[in-house]
Every structure is written in C-alpha cells, then in structure tokens.
Amino acid sequence: MHISRISRDGSRRVWGPVWLGTALVLLGASAFWFAGDIGRTGTGGGNDPGPRFFPVLLSLMLVIFGLLQAVIGVLRGSDAGSAAAQAPGVPCDAAPPSRRWLVMLAVLVVYVIAMDWIGFSASTFLMAVGLMIWLGNRWWVAVVVAVLMVAVVRLLFVVLFRVQLPAGELGFPF
Amino acid sequence: MGALLHHSVLIPWLLGMVFGIFVGATPGLTATMAVALIVPISFHLEPTAGLAMIVGVSFTAIFAGDIPATYLRIPGTPASAAAVLDGHEMAKQGRGALALTLDLFCSSLGGLIGVALLITVAPLLAQFALQFSFYERFWLAVFGLSLSALVSAGSTTKGLMAACLGMLLSTIGIDVVSGVPRYTFGSIPMMRGLDFIPIMIGLFGLSEVFRHVSRPLGTLREQAVSRRESLPVLEACRMIWQQKFCVLRSSVVGTIIGALPGAGADIAAWGAYGLAQKTSRRGSQFGTGVVEGVVAPTSANNAAVAGAWIPALVFGVPGDAVTAIVLGALMMYDIKPGPNIFEESGEQMQSLFAVALLTQVLLLIAGLAGIKAFGAILRLPRSIVLTAVVVFSVVGSYALNNSLFDVHVMLIFGVVGYLLESQRVPLAPLILGLILGPMVEENLRVGLISSDGSFAPFFTSPICAVLVALLLLTYVGLPATRVLWRRTRRIRRVG
C-alpha cells in the first residue's frame, strides 16, 4: 500500500509513515486507557509491580514510537515530495495505489459471516468460486476447483482429523 | 528410529515435504507461511508425525526457494536471494540442472552439518544455561528481541516498534503472576489470550494473499529459462568434493549466523556468499555463474535453520520467524524449551534430532521430485494457489480450537500484517515479541519479588553484566562508532 497525495505545488507527499505513526499513537493511547481497568490486586506479593505495569510501559513505548514515526514521516514525506517534484521525468501518477486488497478483505468478511449462517462447505464453495472468477479464472474452472478444494478440506479435516467444521445456523447437511 | 520409519509417520512427513517444495518453489510464498499453514494440520497427528511434518516443511521450503531463484531469477523465499546471482547465470548458460543439483546436495549437506552442530552444542549450552536465574533470563529475552529488531529488514525503530506491539499483544488474557484478566473486555475467548497460531497464519499467510491480489496475477512460465536437461548427479558430486571446504565453512557460518536471534537463513546465505567471494581465487568472477557462488549460500541457508534451533531450544529465544512457529508448536506438544529441556523432554529431543537428521536424507528424494515437478508448479494459475491459501488459512485457524473467534483473529492479523509490511515494518520482531513477551514480564516481576523490589540483581551478576554490555554496545556503541568513522572520513576528504 502506497499512501500518497499530490499537493498543489505538484509534489507528492508520502503519508504512509504518518498514518502508521498516528495509528500506533491511537493504539498505544487506547491500551494505556484500558490498562486503567486492570485490577491492582494480585497474588504476586508486595514487591510485584502488578499486572498493570507491563501493559502501561508497553503502551507508553508504542505512543513514543508512533510519535517518532509520525514526525519522521512528516519530515521525510515533505523531502520525498519536493525531491519527486524536482526529479525530471517522474510522473505524478506513477504506481497508483491498488485497492484490490480491500475488495478481497470485504469478500473474506462476508465469507466468515456467511460461514456462521450457511456452514463451512457452502460458504467456502461460494467464496472460492467468486474469488477465482474475480482473479481471472473461467467460471467452470472456478466451480470445478472450488468443489475439489471443499472435498479435499472435508476429507482431510472432517474424515481424517475428525474436526467439526461449522454447520451453520440454517443447518445445511454439508 | 524404527518408529520414525513407520508409515503413520513417514507418509505425513513426506507429504509435508512435498507441501514445503510447493510453497517454497512458488515465488512470493515464504517458508514461514508454509510452516504456519502446516502447524494446525500437524496437531491432529501423533506427536512424532506432527513434529516430523513441521521439521520437514521448514527445511524443504528453504531449499525449494532456490528452484525459481535459478530458473526465473525470482527467489522462492528470502533465504534464496543470494542463490539467484550465480544460480541464474548458470541456468542462462544452459547449466541450470547442474546448479539445482548442486543446490540440493549442498542444502542437504548444510542441513546435516547444521543439525550435527545443534546436537553437539545445544546440550553443552543447556548445561551452562542452568546457571541462569530470573535476572539472566530477563536480559536474554530482551537481548533476543533487540537483536531481532536490529537485523530485521526495515529500520531498527520499526523493528523495536513491532517487538513492543507483539509484547503488548502477549499481555491479553489472564495474567499468570496475579491471575487478573487484562484487555479481555468480558470476552471468554479473550481470557485464554490470543492464540499464537491464528496470528501467525494471518501475518504470514493471509497478508501474502492481500499483497498478491494488489498486483497483476498470472503464470510465470514465460520468464523461465529452458529446463530440458537431465540432472547431472555425478558431476554435481564431483564438484561438491572439489568445494568441500567451501561447503563446510559455509555450513558452519550459516549455523552460527542462524543461531543469532533475528538473523535468519537469508542473512546466513548472504554472509556465506560474501565470505566465499572474499576467500575464493575467482572472487572477481562471482555473479557470472561460479560454482562457489551456488555452493556457499545454499549450504548456509539450510544450516541456518538448524542453527536457529540452538537458542530456541536451550533458552526459549527463537532465532527467526520460522523457528518461532516451531517453538510455539513444541510448546503445544508439551515440550518446554529451556535449560532443562534435555532432562524433562529427553526422549522427545532425541526423536526431534533424529527427525532433523533424516529430513536431510529425505530432502534429496523430495528435492529431486520438486525440481522435476517445477514445470507443473509454474503452470498452476496463482489465482488458484491464492484461493487455496485463503481456504487453508481459515480452516487451519478454525481447527485449532473449533472456534470462529480464531478465524476472526487470523483475519484481523492478515490485515495488520499487510498494512505493517506495506510500511516496511518487519513482522518477525512482532512474533518474537508475542512469544518472548511473557518471558520478559514474568522474569522481571518474579525477579523483583525475589529481590524485594531491588533492581540491583538485574545488573550485578556477571552474565547480566555481559548481556547489558552487549545491548549497550549494539545500540549505543555501534551507531556512535559509525558516526565517528563517517566524520573522520569527511575530515580526511576535506583535508
């Protein structure tokens, strides 16, 4: 993922490190906040710094690292941007960021939710067919491969390893 | 030994190695991913078969990465990057089959030497490690984490950040010292903490899929150098005999580098390649298809896999991400890594070493088949491979505890892994943080309890002092020396 934006002067600023830093600061701050809910009592003894100590220490370190990352990102981003603007022959729209992974993520979220409803086999078949067609396979190849995939997984996990795969609330027999 | 050759062990073992060949030879899929995907399957087998499967995959995937490195100039795994230089040049000269046969034999020999060193060194080191108390173990874990952050790809700050994130994640669940729940938000599945395997599968399996779908897919057949050659086994044996010292030296170097926390098979391969180039009479010809340029990195990368087990087994500090998964798997088999491992799990250790040795022999069979089958691997559309990875990631995570919660965790960490890697944040320190976090915390807290709250014992024992000095040297001494050296050079240039 290459998060960048073209500014008014035509230079391209790279925002990835800033976003990463901000996300880490937020994560660290949240962890610090919720560490307040961790009970003080324990069986460790009087000299035990307690169960809150380590999470608080780590969440503060994350905040510091996040801030550092964001500051470095702002400084380097502007440098990279001006360098890119000065460099001859560097197209502003080079390497456009791909959003295909977000589509893939949406497919997987729907797949996992569907698994709870229609069970493992049906949801896996539908997901595999959809994904393979989206990635450029012919529909009949996708169907055959998806059937084989579900069959192999069932043979391996259900028949051999006796794993109970999700049947789904609708109670499909497969 | 007889138990290892039983069909109930041998069949999954060989199947695991075939899987390792497939994943390792597919460009973009890593050895770490192969091991992460095989672990949930291995838990459903008897312990010896499960361990054999995991060990088989970890060694085979590293070798298999050399196959596309030679024919396509694309390393199958990062550990094969150094093998690209001379291996692909040999393939362009029509000697690709010879390069791969050399790769295979050197990988097997490197693995054998690495495992032999492991068997010799690990028990001696364990005897020494028996002197370690909470204070030494605390610094050892901190040292392992710091070193992994230092040598990982990307900046050291990002490595340390990943290690902190991993340690913070390890605090989720019931605190083992006080029994108090932390970050559980009233959720029952969160009480037992985040399971290590779904996180691994997400970080190294699903994130790869996200990365692959973000760029054009297809087959790689067009880029392949011609493969219509028979495998010149005898010629390869003759060449290896001529290069026996190079093989031995590279394997030893690979084992030593592999044993350093954070320095995996990729760094070992580059280290051995550089050493071979410096010591060879044909150093200037390296990169043009020189035999030593193939022999050195391929001996070292498999030896490093064995080397990484030394600190993992003896100290519980894994050397790289692959070993971290193996370590996590060992814990699930009730093998507790640490100085007492040879007393408490002596029998299991013996079978583990026997498996590791026999794997090097089986590697020859699986490897020859893999080289022959590479054409079929190239013909397989990547869209099908990626879909299969998604399905096995989901079912593998679910099958651990028969819980969709683990699937959700895997999915979340797939996204986290993809986003972090897109910002060049190394994932290995995160995993090491997740594994070593409890070791750091427990030893710090129990150490403080036993010292009546005093930090002094953390610095006064000789081993602690050495570890602290090494840490200071790494993080203060080395950068300071670098700055001074640069300044001196600049002054000289101006002068």
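About the cut-offs
- Residues numbered from 1 in each chain as written.
- Chains lettered and ligands numbered in written order.
- Predicted model: local features only at pLDDT ≥ 70, side-chain atom pairs only at ≥ 80, totals over all residues.
- Heavy atoms only, no water.
- Patch = residues over 30% accessible without salt bridge, like charges linked within 9 Å, V, L, I, M, F, W, Y side chains within 5 Å.
- Areas by Shrake-Rupley, 256 points an atom, 1.4 Å probe, with all protein chains shown as cover.
- Salt bridge = Lys/Arg side-chain N within 4 Å of Asp/Glu carboxyl O.
- Helix = DSSP H or I, 4+ residues; strand = E, 2+ residues; numbered from the N terminus.
- pLDDT = per-residue confidence, 0-100.
- Contact = heavy atoms within 4.5 Å.
- Buried < 20%, exposed > 50% of the residue type's maximum accessible area, 1.4 Å probe, protein only.
- Axes fitted to C-alpha atoms, helices over the stretch in contact; angles between N-to-C directions.
- Parallel < 35°, antiparallel > 145°, perpendicular 65-115°, else oblique.
- Left-handed = near helix turned anticlockwise from the far one by under 90°.
- Nonpolar A, V, L, I, M, F, W, Y, C, P; charged D, E, K, R; others polar.
- 1 Å grid on protein atoms, 1.4 Å probe; cavity = no way out; pocket = protein on both sides within 12 Å on 5 of 7 lines; lining within 4 Å.
- Points joined across faces, edges and corners; volume = space filled by probe spheres on them.
- Buried area = accessible area lost by both parts, 1.4 Å probe.
- Polar contact = N/O pair within 3.5 Å; in protein donor to acceptor, adjacent residues only side chain to side chain.
- Expected span 1.5 Å × (residues − 1).
- Lys, Arg positive; Asp, Glu negative; His and termini not counted.
- Charge placed at Lys NZ, Arg CZ, Asp CG, Glu CD.

**Thoughts on a nonpolar patch on the surface**
All names here are of chain A.
Here is step 1: Together, Ile133, Trp139, Trp140, Val144 and Leu148 make up an exposed nonpolar region whose accessible area comes to about 560 Å².
Here is step 2: Ranked by residues supplied to the nonpolar patch, first place goes to helix α5 (residues 139–160) with four residues.
Here is step 3: By the element assignment, Leu148 lies in helix α5.

**Describing the confidence of the model for chain A**
Residues and elements named next belong to chain A.
Here is step 1: When pLDDT is averaged along chain A, the result is 77, and 72% of the positions lie at 70 or above.
Here is step 2: Mean pLDDT across the elements of chain A bottoms out in strand β1 (residues 4–6) (47) and peaks in helix α4 (residues 120–134) (92).
Here is step 3: Across residues 1–11 the pLDDT falls below 50, and counting only partners more than four positions away or on other chains, this stretch makes 28 contacts in the model.
Here is step 4: Counted against residues more than four places away or in other chains, residues 80–97, with its pLDDT under 50, gives 13 contacts.

**Quick look at the pattern of salt bridges**
All names here are of chain B.
Here is step 1: The final tally for this structure, using the stated rule, is nine salt bridges over all chains.
Here is step 2: A salt bridge links Arg192 to Asp195, with the shortest nitrogen-to-oxygen separation between them at 3.7 Å.
Here is step 3: Note on Asp195: relative accessible area 16%, which makes it buried.
Here is step 4: A salt bridge links Arg211 to Glu421; the nearest nitrogen and oxygen atoms lie 2.8 Å apart. You can see Arg211 sitting in helix α10 (residues 196–213) and its partner Glu421 sitting in helix α20 (residues 404–422), a full 210 residues away along the chain.

**Some points on unusual backbone geometry**
Residue and element names in this part refer to chain B.
Here is step 1: The backbone phi angle of Phe185 is positive, close to 50 degrees, even though this residue is not glycine.
Here is step 2: With respect to the element layout, Phe185 can be found in the loop between β2 (181–182) and α9 (188–191).
Here is step 3: A relative accessible area of 55% means that Phe185 is categorised as exposed.
Here is step 4: Positive phi outside glycine occurs at Arg424, with the angle close to 60 degrees.
Here is step 5: Assignment of secondary structure puts Arg424 in the loop between α20 and α21 (428–450).
Here is step 6: A relative accessible area of 57% means that Arg424 is categorised as exposed.

**Things to note about the side chain of Ser299 of chain B**
Residue and element names in this part refer to chain B.
Here is step 1: Of note, Ser299 is situated in helix α14 (residues 291–307).
Here is step 2: Judged by its relative accessible area of 0%, Ser299 is buried.
Here is step 3: Not counting the four nearest positions on each side in its chain, Ser299 is found in contact with Cys106, Gly110, Val247, Ser250 and Ser251.

**Observations concerning the packing of α4 of chain A against helix α19 (residues 382–401) of chain B**
Here is step 1: Where α4 of chain A meets α19 of chain B, the axes come as close as 10 Å, and the angle between the chain directions of the two elements is 155 degrees. Viewed along their axes, α4 of chain A and α19 of chain B adopt a mutual orientation that is roughly antiparallel. The hand of the α4 of chain A/α19 of chain B crossing is right-handed. Seen from α4 of chain A, the contacting residues are Phe120, Thr124, Met127, Ala128, Leu131 and Met132 of chain A; seen from α19 of chain B, they are Ser383, Ile384, Thr387, Val390, Val391 and Val395 of chain B.
Here is step 2: Each residue belonging to the contact of α4 of chain A with α19 of chain B can be placed in one class, and the counts come to nine nonpolar, three polar and no charged.

**Let's talk about the layout of surface pockets**
All names here are of chain B.
Here is step 1: Estimates place the volume of the largest pocket at around 1,300 Å³.
Here is step 2: Residue assignment for the lining of the largest pocket shows that the elements contributing at least two residues are α7 (134–151), α8 (156–170), β1 (173–174), α16 (321–332) and α21.
Here is step 3: Top contributing element to the lining of the largest pocket by residue count: α21, with eight residues.
Here is step 4: For the lining of the largest pocket, the per-class residue count stands at 20 nonpolar, nine polar and nine charged.

**Some points on the interface of chain B and chain A**
Here is step 1: Counting residues at the interface gives 59 residues for chain B and 63 residues for chain A.
Here is step 2: Summing the contributions of chain B and of chain A, the shared interface buries around 5,300 Å²; its carbon and sulfur component is 80%.
Here is step 3: Counting the surface chain B buries against chain A, the share from its top three residues, Met161, Tyr183 and Gln423 of chain B, is 11%.
Here is step 4: Here chain B and chain A share zero salt bridges between them.
Here is step 5: Here chain B is connected to chain A by five residue pairs in polar contact (both at pLDDT 80 or more).
Here is step 6: With eleven residues, α19 of chain B is the single largest residue contributor to the side of chain B that touches chain A.
Here is step 7: For the side of chain B that touches chain A, a count of residues per class yields 40 nonpolar, 13 polar and six charged.

**A closer look at α16 of chain B**
All names here are of chain B.
Here is step 1: The end-to-end C-alpha distance of α16, which contains twelve residues, comes to 17 Å, matching closely the 16 Å that a straight helix rising 1.5 Å per residue would cover.
Here is step 2: Taken across its twelve residues, α16 has ten buried, putting it largely inside the fold.
Here is step 3: If you check which residues of α16 are buried, you get Ala321, Val322, Thr323, Ala324, Ile325, Val326, Leu327, Gly328, Ala329 and Leu330.
Here is step 4: Looking one or two places after α16, you find Asp334, whose phi comes out positive at around 65 degrees.

**Some remarks on the environment of Trp309 of chain B**
All names here are of chain B.
Here is step 1: Structurally, Trp309 is set in helix α15 (residues 309–315).
Here is step 2: What makes Trp309 buried here is its relative accessible area of 4%.
Here is step 3: For the pair formed by Trp309 and Ala99, sequence separation is 210 residues and the distance between their alpha carbons is 28 Å.
Here is step 4: Setting aside residues up to four positions removed in sequence, Trp309 forms contacts with Val55, Phe59, Leu118, Thr323, Val326, Leu352 and Ala356.

**Regarding the confidence of the model for chain B**
Residue and element names in this part refer to chain B.
Here is step 1: Counting all residues, the mean pLDDT for chain B is 83, and 93% of those residues have values of 70 or more.
Here is step 2: When pLDDT is averaged over each element of chain B, α20 comes out on top at 92 and helix α4 (residues 66–72) at the bottom at 79.
Here is step 3: Model confidence for the complex: the whole-complex pTM is 0.78, and ipTM, which rates the interface, is 0.83.

**Considerations on the packing of helix α2 (residues 31–42) of chain B against helix α3 (residues 47–64) of chain B**
Describing two packed helices takes the angle between their axes plus the distance from one axis to the other.
All names here are of chain B.
Here is step 1: Between α2 and α3, whose axes approach to 9 Å, the crossing angle comes to 165 degrees. Judged on the interaxial angle alone, α3 and α2 are roughly antiparallel. Relative to α3, α2 is oriented so that their crossing is right-handed. For the pair formed by α2 and α3, the contact residues are Ala31, Ala34, Val35, Ile38, Val39, Ile41 and Ser42 on the first element and Gly50, Met53, Ile54, Val57, Ser58, Ala61 and Ile62 on the second.

**Observations concerning a positive patch on the surface**
Residues and elements named next belong to chain B.
Here is step 1: Taken together, the side chains of Arg482, Arg486, Arg487, Arg489, Arg490 and Arg493 define a basic patch exposed on the protein surface.
Here is step 2: You can see Arg490 is positioned in helix α23 (residues 462–494).
Here is step 3: Arg490 sits in the exposed class, given a relative accessible area of 54%.

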